[in-house]
Amino acid sequence: MKKLFFFCSLLFSLCSYAQSEQLANNYFDRGEFEKALLSYEELLKNQVGNANYFQKVIECYQQLQQFDKAEKAIEERLNRFKQSNLLIELGYNFQLQKNQEKAVKYYNQAIDKIKKNANEAYGLAYSFERKALFDYALLAYKTAIETDPRMSFNFQMAMLYGQKGETDLMIETFLEESYRNPQNLPMIQNQLSRFMTEDGDANFNEALKKALLVRAQKTQDLFWNDFLSWYFVQLKEYGKAFIQQKAIYKRNPESFSNIVNLGQMAINDNDQDSAQEILTFVLDNTNDLELLIQAHSYLIEMKINHATDKDYVAITQELDKLITEFGVSPYTLSLLELQANFTAFHLNNPEKAKVILKNAMEMPVNRYQIADLKMQMADILLLEEKFNQALIYYSQVGEDMGGDIVGQEAQLKTAKTSYFKGDFEWASHQLKVLKSASTQLIANDALDLFLLISDNTVEDSTQVALKKFARADFLLYQNKKKPALEQFQLILKEHKGETIEPVTLLRIGKTYEKMGDYTNALAFYNTIITTQKESIYVDEALYYSAEIYNLNLNDAEKAKPLYEEIIFKHEDSIFFVDARNKYRKLRGDTNL
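Worth saying up front: this structure is predicted, and the values here are computed from it rather than measured.

Visitor: Would you take a moment to explain the pattern of salt bridges for this structure?
Guide: Between side chains of opposite charge, a pair can form as their charged atoms come close. For the coordinates displayed, the defined rule picks out 29 salt bridges. Note that Lys303 and Glu318 form a salt bridge whose closest N and O atoms lie 2.9 Å from each other. Taken together, the positions of Lys303 in helix α17 (residues 289–305) and Glu318 in helix α18 (residues 312–326) put the pair 15 residues apart, joining distant regions of the chain. A salt bridge links Lys560 to Glu557, with the nearest nitrogen and oxygen atoms 3.2 Å apart. Taken as a pair, Lys560 and Glu557 lie in helix α31 (residues 556–569) at a separation of three residues, close to a single helical turn. Since its relative accessible area comes to 18%, Lys560 is described here as buried. Within this structure, Glu351, Lys354, Glu384 and Lys386 form a network of salt bridges that share partners.

Structure representation (structure tokens):
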């Protein structure tokens, strides 16, 4: 009983502290510093050693310009706990009073602590950085290195140079650290990519490229060729990345799989020329069965994605020839899946496609391969409008693969199946969860479909227009583009001025684009741009139009203003970064 009473008392005490801290934080965030001060002082009284509460008390004093009280509190704590970071707090308190001489005195005392114990640099540099005293934070790290040359703070120093806007020094320091400690390369590349795409000025990319090129030429170390390849991939310059990967391959033939992966990235970004060049190189330079099949699969998938009816016979013959050449085995699973998909969706023979998949399932394949085969089977069952059977397969994959990307993809397809069936409530329930999926592509698709359903339910609770739209979307899924267009056109006629109109215009434009009818596609995109200016689909219409002019019609002058409008009027668009890079390239910038 006593134990239970003690536990309850402890729990009550913890809850009380949490509520008091939340109240103090709320006061502080609202700028009610007198109330916040009283709350933090009470909290600190009960937890004297809590550095966070003490820091907040000092900040409240300083906000209230009670600098004498702040100084006294800091000095008392410094005498009691001997914490070196309090010297910085004391100096900063004088700096706020514009007494720079005294501020510097205490900052230097903190630096002197590092000369006696280099490990002090970790905490003191952090304290300097929190006060935006970046020069002193850098000095702290440099002093530690002078005191103990075995220590290294390149990553931290590079970050500080970046915050100061000294990007050349940041680049040099990051590159030095990446070469010394390759295990830190992913973190470093992540930071550099932020500056390349988000934070950097117009000269950053050029400076980084020059620094990498100098190192590659000077040292002849393949590390820098690989780094350059990564650099060009960030800019979607796959042809230039391929040049670096070829240089690596000549001296290290084991790197061949990197070239195959590069080809896949080029395909995903619709750089067909580079993909063709890369994958052809693979076929000409390897006898590795797995790589050969992978390259052939990517090439034929690219052909299928851009095929018209007249290409079907040649694609069928090529698939048959490859499967005959390499045989039916787990190694050729990618070719078999392509054959099944092409047979069902393009040759309109789902029964034959299902036989291909069933035979593949009987082979000794792993759980990921089984999941892919089940997903393909579900796709074909959905094509045949066998919704419930498709849902069984999708659900199996979703359960078997858990939080894996394949599992999330299966869950998205489950939601889309419910959407196609007209079960919008259940689809929305599933999509609400997938909006926070770990894979950005899945999360974006889930959000788009969720918004489509919710936006077109507010004004029309009976969802009449949405049901028609879902049916037209399903016709597109079945690769029945002309009937889908007729259905979308009917929606425009019967529901003009309703919420469904702009997304219908977008679907029609995208369908014409996939059919190679760029004139009609541009016309419908332009209707969104000119008549639906408040629509959430304007940035998509701008981007798709720009891509047609840029990639299909080779008309840079018409593409540039469309990319430019995304840059200046749609900064939150998912197409913003790509539009900016392509705009700069078309404009002739050298710093790409």
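Visitor: Looking at this model, I keep getting lost on α18. Mind explaining?
Guide: An α-helical turn contains 3.6 residues, so any two residues separated by three or four positions project in the same direction. With 15 residues, α18 ought to run about 21 Å at 1.5 Å a step, and its terminal C-alpha atoms sit 21 Å apart, in line with that. Taken as a whole, α18 has its buried residues at Tyr312, Ile315, Leu319, Leu322, Ile323 and Phe326. Across the axial projection of α18, the buried residues extend over an arc of 95°, all falling on one side. Among the exposed residues of α18, those pointing more than 90 degrees away from its buried face are Val313, Gln317, Lys321, Thr324 and Glu325. The inward-facing, buried residues of α18 abut α17 and α19 (333–345). In the segment just after α18, Gly327 is the residue with positive phi, at about 85°.

Visitor: How should the environment of Phe28 be read in this particular structure?
Guide: Residue position: Phe28 is located in helix α1 (residues 2–29). Contacts of Phe28, omitting those with residues within four sequence positions, involve Phe33, Ala36, Tyr40, Lys56, Glu59 and Cys60.

Visitor: It is not clear to me how the layout of surface pockets should be interpreted in this structure. Could you clarify?
Guide: Where empty space is left in the structure can be found by rolling a water-sized probe over the atoms. In this structure, the second largest pocket occupies an estimated 340 Å³ of space. Considering the residues around the second largest pocket, the lining is formed by 14 residues, among which Leu44, Phe54, Ala73, Glu76 and Arg77 are closest to the centre. If you list the elements that add at least two residues to the lining of the second largest pocket, you get α2 (33–46), α3 (51–63) and α4 (67–81). Top element by residues in the lining of the second largest pocket is α4. It accounts for seven residues.

Visitor: I tried to follow the packing of aromatic side chains on my own but got confused; where do I start?
Guide: Describing an aromatic ring pair means giving the distance of the ring centres and the angle of the ring planes. According to the stated counting rule, one finds 36 aromatic pairs in the structure shown. Judged by centre distance (4.7 Å) and plane angle (70°), the ring pair of Tyr249 and Phe256 falls under edge-to-face. The buried category is assigned to Tyr249, whose relative accessible area is 16%. Judged by relative accessible area, which is 4%, Phe256 ranks as buried. Measuring from ring centre to ring centre gives 6.1 Å for Phe256 and Phe281, while their planes differ by 15°; the resulting arrangement is stacked. Taken as a pair, Phe256 in helix α15 (residues 256–268) and Phe281 in helix α16 (residues 272–285) lie far apart in primary sequence, 25 residues in all. For Phe281, a relative accessible area of 18% corresponds to the buried category. Three or more aromatic residues joined by ring pairs make a cluster, and in this case those are Phe345, Phe387, Tyr419, Phe420, Phe424, Phe474 and Tyr477. The positively charged end of Arg77 is found above the aromatic ring belonging to Phe54, 4.5 Å away from the centroid.

Visitor: What exactly am I supposed to notice about the packing of α31 against helix α32 (residues 576–587) here?
Guide: Each pair of packed helices gets described by two things: the angle between the helix axes and the distance between those axes. Taken N-terminus to C-terminus, the directions of α31 and α32 make an angle of 140°; their axes are 9 Å apart at the nearest point. One element, α31, and the other, α32, form an angle in the oblique class. In the packing of α31 onto α32, the handedness of the crossing is left-handed. On α32, the residues that touch Ala556, Ala559, Lys560, Tyr563, Glu564, Ile566 and Ile567 of α31 are Phe576, Ala579, Arg580, Lys582, Tyr583, Leu586 and Arg587. Considering only residue class, the contact of α31 with α32 consists of nine nonpolar, no polar and five charged.

Visitor: I would appreciate a short explanation of the nonpolar core in the present structure.
Guide: Most often, soluble globular proteins have nonpolar side chains that are buried together. Judged by nonpolar contacts, the single largest core of 99 residues is most densely connected at Tyr419, Leu431, Leu452, Ile453 and Phe469. Of the residues forming this core, the biggest block, nine residues, is contributed by helix α21 (residues 367–383). Setting aside residues no more than four positions away along its own chain, Phe469 makes contact with Tyr419, Leu452, Phe488, Ile491, Ile500, Val503, Thr504 and Arg507. Counting 94 residues, the second largest nonpolar core, distinct from the first, contains Leu78, Tyr107, Phe153 and Leu208.

Visitor: Please explain unusual backbone geometry as it appears in this structure.
Guide: A negative phi angle characterises most non-glycine residues, just as the trans form characterises most peptide bonds. For Lys236, which is not a glycine, the phi torsion comes out positive at approximately 60°. Tracing the backbone shows Lys236 in the loop between α13 (222–234) and α14 (238–251). Phi is positive for Asn348, close to 60°, though the residue is something other than glycine. Along the chain, the position of Asn348 falls in the loop between α19 and α20 (350–361). The class of Asn348 is exposed, set by a relative accessible area of 65%.

Conventions used here
Residues numbered from 1 in each chain as written. Predicted model: local features only at pLDDT ≥ 70, side-chain atom pairs only at ≥ 80, totals over all residues. Heavy atoms only, no water. Salt bridge = Lys/Arg side-chain N within 4 Å of Asp/Glu carboxyl O. Helix = DSSP H or I, 4+ residues; strand = E, 2+ residues; numbered from the N terminus. Buried < 20%, exposed > 50% of the residue type's maximum accessible area, 1.4 Å probe, protein only. Expected span 1.5 Å × (residues − 1). Arc of directions from axis to C-beta. Contact = heavy atoms within 4.5 Å. 1 Å grid on protein atoms, 1.4 Å probe; cavity = no way out; pocket = protein on both sides within 12 Å on 5 of 7 lines; lining within 4 Å. Points joined across faces, edges and corners; volume = space filled by probe spheres on them. Phe/Tyr/Trp six-rings, centres within 6.5 Å; stacked < 30°, edge-to-face > 60°. Lys NZ or Arg CZ within 6 Å of the ring centre and 35° of its normal. Axes fitted to C-alpha atoms, helices over the stretch in contact; angles between N-to-C directions. Parallel < 35°, antiparallel > 145°, perpendicular 65-115°, else oblique. Left-handed = near helix turned anticlockwise from the far one by under 90°. Nonpolar A, V, L, I, M, F, W, Y, C, P; charged D, E, K, R; others polar. Core = buried A, V, L, I, M, F, W, Y, C linked by side-chain atoms within 4.5 Å.

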